[in-house]
Amino acid sequence: MKTRNSTFAFLLLAFIITSCSTIKKTPRPVVNNGTYTPAPEGPTVKKLGPYVMEKPEKEIAEKYATILNVRKTDIRNGRLYKFIDEWMGTPYRYGGLDKDGVDCSGFVYTLQQQVYDIQNMPRSTNLQINFIKRKYEEELKEGDLVFFDFDGRQFSHVGVYLQNGYVVHASTRRGVIIVKLHDPSLYKYFSRGGSVMVEREGEEISSGR
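Keep in mind that what you see is a predicted model, and the values were worked out from it rather than measured. (Residues numbered from 1 in each chain as written. Predicted model: local features only at pLDDT ≥ 70, side-chain atom pairs only at ≥ 80, totals over all residues. Heavy atoms only, no water.)

When helices and strands are counted, the chain shows 6 helices and 11 strands. Here the chain holds 209 residues, and 45% of them are scored as buried. Contacts in the chain between residues far apart in sequence, at least 24 positions, make up 57% of those at least 6 positions apart. Element-wise, carbon and sulfur atoms account for 51% of the exposed surface of the chain, whose accessible area totals about 11,800 Å². (Helix = DSSP H or I, 4+ residues; strand = E, 2+ residues; numbered from the N terminus. Buried < 20%, exposed > 50% of the residue type's maximum accessible area, 1.4 Å probe, protein only. Contact = heavy atoms within 4.5 Å. Areas by Shrake-Rupley, 256 points an atom, 1.4 Å probe, with all protein chains shown as cover.)

Glancing now at unusual backbone geometry. If you check the backbone angles, D117 has positive phi at about 65° while not being a glycine. Its location among the elements puts D117 in the loop between α4 (104-116) and α5 (125-128). Judged by its relative accessible area of 17%, D117 is buried.

Under the defined criterion, the tally for this structure stands at 9 aromatic pairs. Site record: aromatic cluster; members linked through ring pairs are F148, F150, Y187, Y189 and F190. (Phe/Tyr/Trp six-rings, centres within 6.5 Å; stacked < 30°, edge-to-face > 60°.)

Given 3.6 residues per helical turn, the α-helix brings residues three or four places apart onto the same face. The buried count for helix α3 (residues 78-87) comes to 7 of 10 residues, which makes it a mostly enclosed element. For α3, the set of buried residues is G78, R79, L80, Y81, F83, I84 and W87. The elements touched by buried residues of α3 are α2 (58-68), β3 (97-98), β4 (101-102), α4, β8 (166-171) and β9 (175-180). A side-chain oxygen of the first residue of α3 lies 3.2 Å from the backbone nitrogen of R79; this N-cap is N77. (Polar contact = N/O pair within 3.5 Å; in protein donor to acceptor, adjacent residues only side chain to side chain.)

Further remarks concern the nonpolar core. One finds Y81, F107 and L145 to be the most contacted residues of the largest nonpolar core, which totals 37 residues. Elements supplying a minimum of two residues to this core: α2, α3, α4, β6 (145-148), β7 (157-161), β8, β9 and β10 (190-200). The element best represented in this core is α4, accounting for 6 residues. Ranked by size, the runner-up nonpolar core spans 11 residues in total, among them L140, I177, L181 and L186. (Core = buried A, V, L, I, M, F, W, Y, C linked by side-chain atoms within 4.5 Å.)

Here we come to the packing of α3 against α4. Helix packing geometry: the angle between the two helix axes and the distance between the axes. Interaxial distance between α3 and α4 falls to 9 Å at its minimum, and their mutual angle equals 140°. Relative to α4, the element α3 lies oblique. Here α3 runs over α4; the crossing is right-handed. Residues R79, L80, F83 and W87 of α3 lie in contact with α4, whose contacting residues are F107, T110, L111, Q114, V115 and Y116. (Axes fitted to C-alpha atoms, helices over the stretch in contact; angles between N-to-C directions. Parallel < 35°, antiparallel > 145°, perpendicular 65-115°, else oblique. Left-handed = near helix turned anticlockwise from the far one by under 90°.)

Time to look at the packing of α2 against α3. One way to put it is that α2 packs onto α3 with a least axis distance of 10 Å and a crossing angle of 80°. Relative to α3, the element α2 lies roughly perpendicular. Residues I60, K63, Y64 and L68 of α2 touch α3, and the partners they reach there are Y81, K82, I84 and D85. For the contact of α2 with α3, the class distribution of residues is 5 nonpolar, no polar and 3 charged. (Nonpolar A, V, L, I, M, F, W, Y, C, P; charged D, E, K, R; others polar.)

Each regular strand shows side chains that alternate between the opposite faces of the sheet. The buried fraction of β9 amounts to 5 of the 6 residues, a majority that puts the element mostly inside the structure. Of the pairings in the sheet, the one linking β8 to β9 comprises 6 bridges and is antiparallel in character. Residue pairing in the sheet places H169 in a bridge with I177 of β9. The turn linking β8 back onto β9 is made up of 3 residues. (Pairing = 2+ DSSP bridges.)

So, about α4. Taking 1.5 Å of rise per residue, the 13 residues of α4 would be expected to cover 18 Å, and the 17 Å separating its terminal C-alpha atoms lies within 8% of that figure. Of all 13 residues that make up α4, 10 are buried, and the element is covered over most of its length. Taken together, the buried positions of α4 are C104, S105, G106, F107, V108, T110, L111, Q112, V115 and Y116. (Expected span 1.5 Å × (residues − 1).)

Have a look at this one:
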């Protein structure tokens, strides 16, 4: 029993360490018995047919059109903006994965599951970066991931690009918020962005929506 408890504690600690933090180091590759274990090949969309984009409620469309400074008709993905609205203001908690507290990679992980039906998005930023098709900044589209190098540590923070230069992310100080990518406190750490590569019905596509 003692050995089983020790194993559980070790696995729990490993999970927390590999989640997003602005002060963590990028973990080394996993090695089992001297053999390198690569990351999964890529996330997959649930095989329930084509992705269904729900129409947003009027209040949601008006609210986020104002926040993003776009037309109300530009707010089309009701699933995305309803999710953001429900999580907005959730405090940051390192290793967190619920509305009592969430970290940046946990927020992205949950958003990809609940909004875009992606089943196996990795939990940590250092693996999420391997699942994107890199784009130039001006090519970014709603739903793309954006990565940042905080405290000199590569890919230590992640958010989701929205529209008109805005991103949503779990800030360590302010929790889940929407900010301009070019916000001086954020943009200087911007590293790269791109669309999540997914596979649907055997066809590899970009979820860069």
